[in-house]
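# Tertiary structure, described
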Amino acid sequence: MTTPAVKTSPESSDPIQQKIHHSIHKKADPINQNLEKRYKSLVEEAQLKDKINMFEAQKLIQQFDEKGIMDLNLIRSQKASESSLALIDTDKNDFSKTLNPYLPTISLVIILIFLGWLKSINAYQKIYEFFLGENGLSQSLLEAMGKAKPKVSESQRFLHNKAFNEIRVLARSAIAINNERFGQQEFLLFAKLRFCMNNNIKEYQSSSEYLSRFQAILQAQKSCILLNQIEMSCQGRKQQEFYHFVNQELLHLEDLEVIKTEINNRYLEVLPQIQTEEGRLKLESYIQDLYTLISYPQAIAFFRRFKTSDLASLQSIHKIANIIAGLKEQDVTDLRSLTFLTMNHYDDFEILGDMIAMTDADRSPDTYARLVQYIGLSYRYQESFVTFQLLIQKIREWYKPYQAIVQIRQAHPEGEYRQPQEFNREIPGLSLYLTYKNSLTDQKTGYSYIDFGEVTEQASIITSVSEATVPQKDSLLL
């Protein structure tokens with residue numbers, strides 16, 4: 001079988017062309033014959049025709065012209081290499097096409113990483129200071145033109161930085177004292193009520209005096225019950241003699257210091273004579289309750305009523321004590337509901353009014369309701385309020401250097417002076433101060449229930465603090 005890979009023109013008479021064609025046939029025929037023998041049984045005869053195509057024939061001619069040889073295997077291996085490179089290039093193009101939709105996201109991530117790195121080295125501030133800072137390029141140019149703003153004096157900067165260092169220490173202490181409980185509405189109401197009573201504000205005029213007597217009566221009621229229980233349980237002769245002596249002294253003597261001295265002397269005399277440990281412990285408990293009782297003059301008066309069998313008064317005070325005890329776990333922020341409560345037990349509260357020497361003008365369900373509300377809140381927040389007072393005191397100390405900082409900054413506004421870098425620092429503790437200033441200020445009237453020391457000769461320069469005005473009726477209780 002003869003299948004030439006390259007068809008030659010029989011009319012060609014050029015000896016060189018004839019030599020080339022002869023050489024091609026000489027090379028191609030053995031190859032094609034070998035392929036035919038190897039694959040004849042496996043591949044159809046039609047597939048074995050034209051074993052050398054036109055492209056390979058042209059390459060063989062080119063190869064002969066350039067190198068004087070004709071190596072078909074070399075041509076085919078080069079062609080295979082070129083195909084592989086083309087395939088690789090295609091894969092690269094496919095990868096690029098796959099990557100294209102994600103390029104914006106990848107670019108954004110790279111930018112964010114770069115910006116984070118700039119922030120970590122404080123590049124923003126450095127760039128700003130270089131161009132626009134107090135001694136930056138822009139200021140240098142303005143100085144050259146004679147149009148630069150004046151600098152803040154070294155003296156003022158020293159005072160500013162000194163106050164700033166003080167305020168940083170005080171703010172750290174205040175933040176350490178602060179407690180989430182201080183921001184609760186009930187606690188803030190309790191703080192406002194204390195302020196009103198201590199300053200005799202409107203409806204709370206004289207309430208502080210009535211309150212101390214009221215609390216003394218409640219304590220006396222509790223102490224009298226405990227003392228009576230101990231007196232009834234101890235039947236020893238020495239104890240009974242001591243109880244009788246106490247009752248006589250409290251009923252007849254008027255000078256409180258004399259009463260304390262007489263009772264203490266008799267107690268030290270009787271205690272060693274008590275034979276049992278139980279008797280001594282009860283006597284010690286008795287004397288402790290007794291000292292608590294005689295700490296308040298109103299309590300002694302109640303004790304005398306208790307011992308003279310003024311049962312109506314005792315029962316009324318007992319009812320009121322139970323009412324207040326029942327409020328320990330209830331909401332007492334609604335003054336209106338407490339007013340209705342005092343109306344329902346008004347006769348009992350009138351007896352209380354007699355015992356605490358309340359004037360006729362002050363006697364009303366509203367007055368009694370305010371006293372009950374305060375006592376109910378004090379049961380929950382009295383201990384916490386001690387810490388709150390420490391916080392307020394610390395903020396008052398903080399306010400003095402804060403005021404100095406504000407004065408210096410306002411005296412050197414940005415439009416007129418070059419701003420030192422320290423003038424742009426956030427003031428430590430400012431948010432804490434504003435939190436309690438706003439929480440303890442009536443937003444309708446502007447009345448402040450707390451004093452941080454804002455009222456000064458230069459009060460006009462203080463920011464975020466309005467002058468106190470007298471609130472209208474019921475505005476104190478929100």
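So, how was this worked out
- Residues numbered from 1 in each chain as written.
- Predicted model: local features only at pLDDT ≥ 70, side-chain atom pairs only at ≥ 80, totals over all residues.
- Heavy atoms only, no water.
- Helix = DSSP H or I, 4+ residues; strand = E, 2+ residues; numbered from the N terminus.
- Buried < 20%, exposed > 50% of the residue type's maximum accessible area, 1.4 Å probe, protein only.
- Contact = heavy atoms within 4.5 Å.
- Axes fitted to C-alpha atoms, helices over the stretch in contact; angles between N-to-C directions.
- Parallel < 35°, antiparallel > 145°, perpendicular 65-115°, else oblique.
- Nonpolar A, V, L, I, M, F, W, Y, C, P; charged D, E, K, R; others polar.
- Left-handed = near helix turned anticlockwise from the far one by under 90°.
- pLDDT = per-residue confidence, 0-100.
- Polar contact = N/O pair within 3.5 Å; in protein donor to acceptor, adjacent residues only side chain to side chain.

## Looking at the environment of Ile 351
Within the secondary structure, Ile 351 is located in helix α16 (residues 346–355). Residue classification places Ile 351 among the partly exposed residues on the basis of a relative accessible area of 22%. What Ile 351 contacts, discounting residues up to four positions off in sequence, is Ala 312, Ser 313 and Ser 316.

## Let's talk about the packing of helix α10 (residues 237–252) against helix α11 (residues 256–270)
Following both chains from N to C, one finds α10 and α11 inclined at 175°, their axes separated by 10 Å at the closest point. Taken together, the axes of α10 and α11 lie roughly antiparallel to each other. Two secondary-structure elements touch here, α10 through Lys 238, Phe 242, Phe 245, Val 246, Glu 249 and Leu 250 and α11 through Ile 259, Glu 262, Ile 263, Arg 266, Tyr 267 and Val 270. Classifying every residue of the contact of α10 with α11 gives eight nonpolar, no polar and four charged.

## What to know about the packing of helix α17 (residues 365–411) against helix α18 (residues 430–439)
One can describe the packing of α17 onto α18 by two numbers: an axis separation of 11 Å at closest approach and a directional angle of 120°. Overall, the two elements α17 and α18 adopt an arrangement that is oblique. Crossing handedness for the pair α17 and α18: left-handed. Where α17 abuts α18, its residues Phe 388, Leu 391, Ile 395, Trp 398, Tyr 399 and Tyr 402 lie against Leu 430, Leu 432, Tyr 433 and Tyr 436. Residues belonging to the contact of α17 with α18 are distributed by class as follows: ten nonpolar, no polar and no charged.

## Section: the confidence of the model for the protein chain
Looking at the protein chain as a whole, its pLDDT mean stands at 75, while 66% of the residues score no less than 70. Confidence drops under pLDDT 50 across residues 1–12; counting only partners more than four residues distant or on other chains, this segment forms 19 contacts.

## What about unusual backbone geometry?
If you check the backbone angles, Asn 200 has positive phi at about 55° while not being a glycine. As for its position among the elements, Asn 200 is in the loop between α8 (185–198) and α9 (207–233).

## A look at the side chain of Lys 437
Relative to the assigned elements, Lys 437 resides in helix α18. For Lys 437, a relative accessible area of 6% gives the class buried. Here Ser 448 takes part through its side chain, which lies 3.0 Å from a polar atom of the side chain of Lys 437.

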